[in-house]
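So you can see what is in the structure, the chains are spelled out below.
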Amino acid sequence: MGKNSKFLHESGLLVFLVTALIFGYGYMNIHHVKKTTYIVRTKKMKQGKDLKIALISDLHLGATMNTNHLEQYMKKIQKQKPDLLLLAGDIFDENTKKSEMKKAAQIFGSFSSTYGTFYVYGNHDSNLYTKKPYYTAAQLRKTLEISYVHVLEDQQIHLTKHLILIGRKDASDINRKSLQQILPYDHGKAFCIVMDHQPIALKEISNQKVDLQVSGHTHAGQIWPTGQLMQFMGISDLNYGEKTMKNSRLIVTSGIGGWGYPIRTGGHCEYVMIHILGCKK
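This write-up is about the structure you can find in this document. Counting of residues starts from 1 at the beginning of each chain's written sequence and follows it residue by residue. Given that this is a predicted model, residues contribute local features only at a pLDDT of at least 70 and side-chain atom pairs are listed and counted only at 80 or more, while totals for whole chains, interfaces and linings are drawn from all residues. With hydrogens and water stripped out, all remaining heavy atoms of the structure feed into the side-chain values.

Helix and strand labels come from DSSP, where a helix needs a run of H or I of at least four residues and a strand needs a run of E of at least two; each type is numbered from the N terminus. From N to C terminus, the chain includes eight helices and twelve strands. Under the scheme applied here, a residue whose accessible area is under 20% of the maximum for its type counts as buried, over 50% as exposed, and between as partly exposed, the area being computed with a 1.4 Å probe on protein chains only. The buried share among the 281 residues of the chain stands at 49%. Across the chain, contacts joining residues at least 24 apart in sequence account for 75% of those joining residues at least 6 apart. Looking at the chain as shown, the accessible area adds up to about 14,500 Å², and 56% of this sits on carbon and sulfur atoms. Residues are treated as being in contact if the distance between any of their heavy atoms lies within 4.5 Å. Areas reported as accessible are Shrake-Rupley estimates using a 1.4 Å probe. Residue values count occlusion only from the protein chains shown.

Printed below as a string of structure tokens:
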């Protein structure tokens, strides 16, 4: 071992340098948002009758992204002319100021698409983890609704004759219904999308023949290797990406932001574009 190597080893400077590099990378990584695209083909939609979905989750507004940056990303997404904007939970959290929440609602509400903007609660949106919230869940819902953002809580809506969207209450909600209770009896004739913040209960969506579920929550393991451990331990059914089952497909986004400290050493931040393509029967 040379003198320089011995000095680095004995002084602990090497550990400090490696730690600084990891945290430096994590800080830059969490402030860089990528676009991720998925293609889903279905016989339930006519060929040429395609659907373009923009999906955002886990913004945790104020933690790693403010409303000015959010507005810039929404303009990028707007240029891609999606038919539908889905906000899959934890858009806000306990540290989001009321003024930030209102501004974000206005940004989402001004977004233009064919079928509109739809929102489901995550486990942080309702300020469950603080005794002194900046606003209540009811105030959040009212603010979103007056901004023309549709809040779905164990509800289904027919966007067209052949397209159904279901928004579920978060798994942390003790009053959450089963998927079977929400689904319309004739949903098998239409393409059915479920928006559920947490990527769990895959057997349920497959058994009920849901075509597509979109989720977030995992952050793709914001700090490595937490995501992989969560999936290994069965806390989440999928840490990140897509999974195809017999009757259904699951897409889990890493989220456009991050929670807690502005560091991401696992995965990346993203917004997702999903192209639903009709094909021949």
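Still more to cover.
Below, the discussion takes up the sheet that holds strand 9 (residues 212-215). Spatially, 6-7-8-9-11-10 is the arrangement adopted by the six strands of the open sheet, whose pairing is mixed. Each having just a single partner strand, strand 6 (155-160) and strand 10 (241-244) make up the two edges of the open sheet. For this sheet the average axis-to-axis angle between neighbouring strands, irrespective of direction, equals 20°. A pair of strands is labelled paired if DSSP reports no fewer than 2 bridges between them. The sheet contact formed by strand 10 and strand 11 (residues 249-252) spans four bridges and is antiparallel. From the neighbouring strand, Gly 241 faces strand 11, where its bridge partner is Val 252. Under this scheme, a helix contributes an axis fitted over its contacting stretch, all axes are lines through C-alpha atoms, and angles between N-to-C directions fall in the 0 to 180 degree range.

With twelve residues, helix 4 (residues 98-109) extends 16 Å between its outermost C-alpha atoms, agreeing within 8% with the 16 Å of an ideal straight helix rising 1.5 Å per residue. Listed as buried for helix 4 are Met 101, Ala 104, Ala 105, Ile 107 and Phe 108. Looking straight down helix 4, one finds that the buried residues subtend no more than 160° of arc, so they occupy a single side. Next to the buried residues of helix 4 lie helix 3 (67-78), strand 3 (84-87), strand 4 (117-119), helix 5 (137-146) and strand 5 (149-151). To estimate the expected span of a helix, subtract one from its residue number and multiply by 1.5 Å. Of all possible arcs, the one meant is that of the directions from the helix axis to the C-beta atoms.

With their axes 9 Å apart at the nearest point, helix 4 and helix 5 run at an angle of 30° to one another. Judged on the interaxial angle alone, helix 5 and helix 4 are roughly parallel. Crossing hand, helix 4 versus helix 5: right-handed. Each of Lys 98, Met 101, Lys 102 and Ala 105 in helix 4 lies in contact with helix 5, whose residues at this interface are Gln 139, Leu 140, Thr 143 and Leu 144. Throughout this description, any angle smaller than 35 degrees is read as roughly parallel, any larger than 145 degrees as roughly antiparallel, any in the 65 to 115 degree range as roughly perpendicular, and the remainder as oblique. Two helices crossing with the near one rotated counterclockwise from the far one by less than a right angle form a left-handed crossing, whereas a clockwise rotation gives a right-handed crossing.

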